[in-house]
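# Descriptive structure summary
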Amino acid sequence: MSSREITNKDNEDIIRFNVADHIATITLNDPTSRNSLSRKMMGRMQELLDEIAASTDIHVVIIEATGPVFSSGHNLKEVISAHEDETVGDLLKQCCTMMQGVVTLPQPVIARIDGAVTAAGTQLVASCDLAYASANSKFATSGVNFGLFCSTPMVALSRNVAPKQAMEMLVSGDFIDAGRAMEIGLINAALPEGELDDHLQAMAKNIASKSPLVLKLGKSAFYKQLNMPLEEAYKFTSGVMQENIASEDGQEGMTAFKEKRAPVWRGK
């Protein structure tokens, strides 16, 4: 069975993948396991991330899910089994590599949430560049309720929300609603269910209309400069700006603006 034929209990692809109009959509499709991040799920996700990173046709990525749970995080049966056969380190490494793959992907990644998100599922949302949720969605780092502090999800969470808000989620294990998730910066917006897809698609199409080279340069620079001292950050981003200005797309964008026409991006 090839990696593209990995299926769930209903004999459907465990992850659905589609590309249209420069927008790639990754759909977690294992609702019977609450879209848990199993080895198979993470392996398929990693393959897709690698494929997307090498694509010049894809400008933006959407991660969504089928069923009432976006993702419940790690598959606890696999965690128990991995502990017993002493491969839990490999399991955690696989997850951490995948999460970093989302952050370092050249293309911006948008999470679409319509339901519950827990533990490493919240980590996945926090790892995405943008996140939009329906108003009935809810989020938790619930591992503490089962004797497992969400230490690896904490990395992504604490890079999105203030320390005290992150710690409250981590030590309580309680759900917060979408409105609260927006207030603390975990998601960009909490939207009425009927407005979620229109809002998200409008954002995705907006991003997809930009130069893929400029998006790649900007996303990479954003994360690299975050923890730099101020002077170092300005020096680094000045270099990025120079590279951007000298690029074909940078020149095309400025020329098109001057000539009052739509730019034609070449990704160079």
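Look a little higher up for the structure.
Predicted model only: the values in this text are computed from it and were never measured. (Residues numbered from 1 in each chain as written. Predicted model: local features only at pLDDT ≥ 70, side-chain atom pairs only at ≥ 80, totals over all residues. Heavy atoms only, no water.)

## Overview of the pattern of salt bridges
Heads up, the condition is: One side-chain nitrogen of Lys or Arg within 4 Å of one carboxyl oxygen of Asp or Glu is enough to make a salt bridge. Helix and strand definitions follow DSSP, with helices as H or I runs of at least four residues and strands as E runs of at least two, each counted in order from the N terminus.
One pass over the full model with this rule turns up 6 salt bridges. For Arg112, the salt bridge is made with Asp197, and the minimal N-O distance between the two is 2.6 Å. Of this pair, Arg112 sits in strand E5 (residues 109-113) while Asp197 is found in helix H8 (residues 193-208), placing the two residues 85 residues apart along the sequence. Between Glu259 and Arg261 there is a salt bridge whose closest N-O contact spans 2.7 Å.

## A word on the pairing of strand E2 (residues 23-28)
As a reminder, the rule being used: Classification of residues uses two cut-offs on accessible area relative to the type maximum, computed with a 1.4 Å probe and protein chains only: under 20% is buried, over 50% is exposed, and between them is partly exposed. Two strands are said to pair when DSSP picks up at least two bridges between them. If you view a crossover with the strands going away from you and the path from the first strand over the helix to the second runs clockwise, you call it right-handed.
Among the 6 residues of E2, 6 are classified as buried, and the element is accordingly described as predominantly covered. Neither face of E2 is open: one carries Ile23, Thr25 and Thr27, the other Ala24, Ile26 and Leu28, and all of them are buried. Sheet topology note: the strand E1 (residues 15-20)/E2 ladder contains 6 bridges and is antiparallel. Directly across from Phe17, in E2, lies its bridge partner Ile26. The antiparallel pairing of E1 with E2 creates a hairpin that spans 2 residues between the two strands, and Asp21 there sits at a positive phi of about 55°. Alignment of E2 against strand E3 (residues 60-65), held across 6 bridges, turns out to be parallel. The residue bridging Ile26 from the neighbouring strand is Ile63, located in E3. Following the chain from E2 across helix H1 (residues 39-53) to the adjacent parallel E3, one finds a crossover that is right-handed.

## Things to note about the environment of Arg44
In this structure, Arg44 sits in helix H1. Each C-alpha atom of the pair Arg44 and Asp174 lies 30 Å from the other, and the pair is 130 residues apart in sequence.

## Comments concerning the packing of aromatic side chains
Going by this rule: Pairing of aromatic side chains requires ring centres within 6.5 Å, counting the rings of Phe and Tyr and the six-membered ring of Trp. Pairs whose planes differ by under 30 degrees are stacked, by over 60 edge-to-face, and all others tilted. Counting as a charge over the ring demands two things of the Lys NZ or Arg CZ atom: a distance within 6 Å of the ring centre and an angle within 35 degrees of the ring normal.
A complete count under the given rule lists 1 aromatic pair for this structure. When the ring centre of Phe175 is taken as reference, the NZ or CZ atom of Lys138 above it lies at 4.5 Å.

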